[in-house]
Amino acid sequence: MRERILLSRCHMSGNEQKWIDKAFEGDWIVPLGPNVDEFEHRLGEYLGVDNVVALSAGTAALHLGLVMLDVKPGDEVICQSMTFAASANPVKYLGARPVFIDSERETWNMSPELLEEAIIGRKKATGRYPKAIIPVYLYGMPARIDEIMEIADRYNIPVLEDAAEALGSEYKGHKCGTFGRYGALSFNGNKIITTSGGGALICPDRESADRVKFYATQARENRPYYYHETIGYNYRLSNVSAGIGCAQAEVLPDRVERRREIHRRYADGLNDIPCVTVHSDPSSDMRSNYWLTTILLDPEKTVVTPDELRIALNAENIETRLLWRPMSMQPVFADAPFYTRDDVGRDLFDRGLCLPSGSCLTDEDIDTVINCIKATLAQ
Ligand SMILES: *Cc1c(COP(=O)(O)O)cnc(C)c1O
């Protein structure tokens, strides 16, 4: 039988072992070390920025981004509702309160209109402006980040971009993650490149990058004995994992192009099915890395639900996944304020499905998925 077609399987370059061997040769089986420095350097070059700090996870990067923005108990932080819980959880780690914003239909990301409504609304409700704004680039799709930045700047609220899914995505030729004060990346096993587990925080300058490294290594003050004036974390990336990252960084541009090709093949293969819309760059300003290709089903044109399609594809040994269930629909965030007009996130969740999109998939694999989708929806 054919091998299972997975959603986003890790894709090695073949050079990873060489970098891991380097770590062993130099006895650098530690957090920090030359591979970490090299990985940070490569990421910075790719992104066109000077200060990137490698960390143990994307979630850690978001957490430290909020620490750097001085988020404290009682503060409010604006966050995109339709996302993975890791975007919002760090707000809670700091005792602050998330305020959720619905998506707009073109990008599926934070609605700039609702963002401004929420900023004004929270000032009225609490007497204070929110402390930070976390937009997300879902499935790699750029947000309307120019408008979001313009509003954020007008109210003087810093932006922390959750670019965990969007490494290599661009808005008007600039890389996602480099617009706000901070930007978080993830190298989890299913992301566009992997370190087996890891993340990074894009920082505005050397001073803040040094401060992030300080927090990430237990906040040890520069003294001959252990001395702490503040609470620290153990969030640095291991030198072994960073070696995997160095080899992965070499092939990052190829990985982005392959995911874009996969998206194009799905779009071409599915565009004659009236009930299916393939989510695609809404304008030439946006260039998604298409971490995952996603589709929407039109319930007026098919009785098949996304979950029924998922089950049918699973029976054919194809892994798909429903979209992120918005934070506004999660019991754990039931008491958080939510700004919406017609609950776009819920509608997307009800109608959407993520298709296998890993860069190691073959054209034949994609065609198999397309044919199974067609067969299921034709019934
Ligand atoms: C993967 C992901 C994260 C978390 O990254 P980890 O490296 O798994 O901690 C955060 N936000 C979004 C949107 C993600 O997809």
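As a reminder, the structure under discussion sits directly above these lines.
Residues numbered from 1 in each chain as written. Predicted model: local features only at pLDDT ≥ 70, side-chain atom pairs only at ≥ 80, totals over all residues. Heavy atoms only, no water.

Undergrad: Whenever I open this one, the overall build of the protein confuses me. Can you help?
TA: Along its length, the protein carries twelve helices and 15 strands. Taking 2.2 N^0.38 as the reference for a compact globule, 379 residues should give roughly 21 Å; the C-alpha atoms of the protein span a radius of gyration of 21 Å, in line with that estimate. On the principal axes, the C-alpha backbone points of the protein span a range of 70 × 60 × 35 Å. Looking at the protein as a whole, 56% of its 379 residues are labelled buried. (Helix = DSSP H or I, 4+ residues; strand = E, 2+ residues; numbered from the N terminus. Rg over C-alpha atoms; globule rule 2.2 N^0.38 Å. Buried < 20%, exposed > 50% of the residue type's maximum accessible area, 1.4 Å probe, protein only.)

Undergrad: For this particular structure, what's the right way to read helix α7 (residues 206–216)?
TA: The α-helix winds at 3.6 residues per turn, so residues separated by three or four positions along the chain end up facing the same way. Of all the positions in α7, only Ser208, Ala209, Val212, Phe214, Tyr215 and Ala216 are classed as buried. The elements touched by buried residues of α7 are β1 (52–55), α3 (58–68), β8 (182–186) and β9 (199–202). Backbone geometry just after α7 places Gln218 at a positive phi near 75°. (Contact = heavy atoms within 4.5 Å.)

Undergrad: For this particular structure, what's the right way to read the packing of aromatic side chains?
TA: For any two aromatic rings, the description comes down to two numbers: the centre-to-centre distance and the angle of the planes. In this structure the tally under the stated criterion is eleven aromatic pairs. Centroid distance Phe84 to Trp324: 4.8 Å. Interplanar angle 25°. Geometry classified as stacked. Of the two residues, Phe84 sits in the loop between β2 (76–80) and α4 (89–93) while Trp324 sits in the loop between β13 (321–322) and β14 (338–339), which places them 240 residues apart along the sequence. When the ring of Tyr171 is compared with that of Phe179, the centres are 6.0 Å apart and the planes differ by 80°; the resulting orientation is edge-to-face. These aromatic residues form a ring-pair network of at least three members: Phe84, Trp108, Tyr139, Trp291 and Trp324. Over the ring of Trp291 we find Lys191, and its NZ or CZ is 5.7 Å from the ring centre. (Phe/Tyr/Trp six-rings, centres within 6.5 Å; stacked < 30°, edge-to-face > 60°. Lys NZ or Arg CZ within 6 Å of the ring centre and 35° of its normal.)

Undergrad: Sorry, what's going on with the site of the ligand here?
TA: Around the ligand, the structure places 16 residues, and the nearest of them are Thr59, Asp162, Glu165, Ser186 and Lys191. Between the ligand and the protein, one listed contact pairs an oxygen atom with a side-chain N or O atom of Asn188 at 3.2 Å. Between the ligand and the protein, one listed contact pairs an oxygen atom with a side-chain N or O atom of Lys191 at 3.2 Å. Notes on the ligand: free accessible area 380 Å², of which the protein chains cover 94%. Here the shell around the ligand takes three residues from α3, the largest share from any one element. Per-class residue counts for the shell around the ligand are six nonpolar, seven polar and three charged. (Near = heavy atom within 4 Å. Polar contact = N/O pair within 3.5 Å; in protein donor to acceptor, adjacent residues only side chain to side chain. Areas by Shrake-Rupley, 256 points an atom, 1.4 Å probe, with all protein chains shown as cover. Nonpolar A, V, L, I, M, F, W, Y, C, P; charged D, E, K, R; others polar.)

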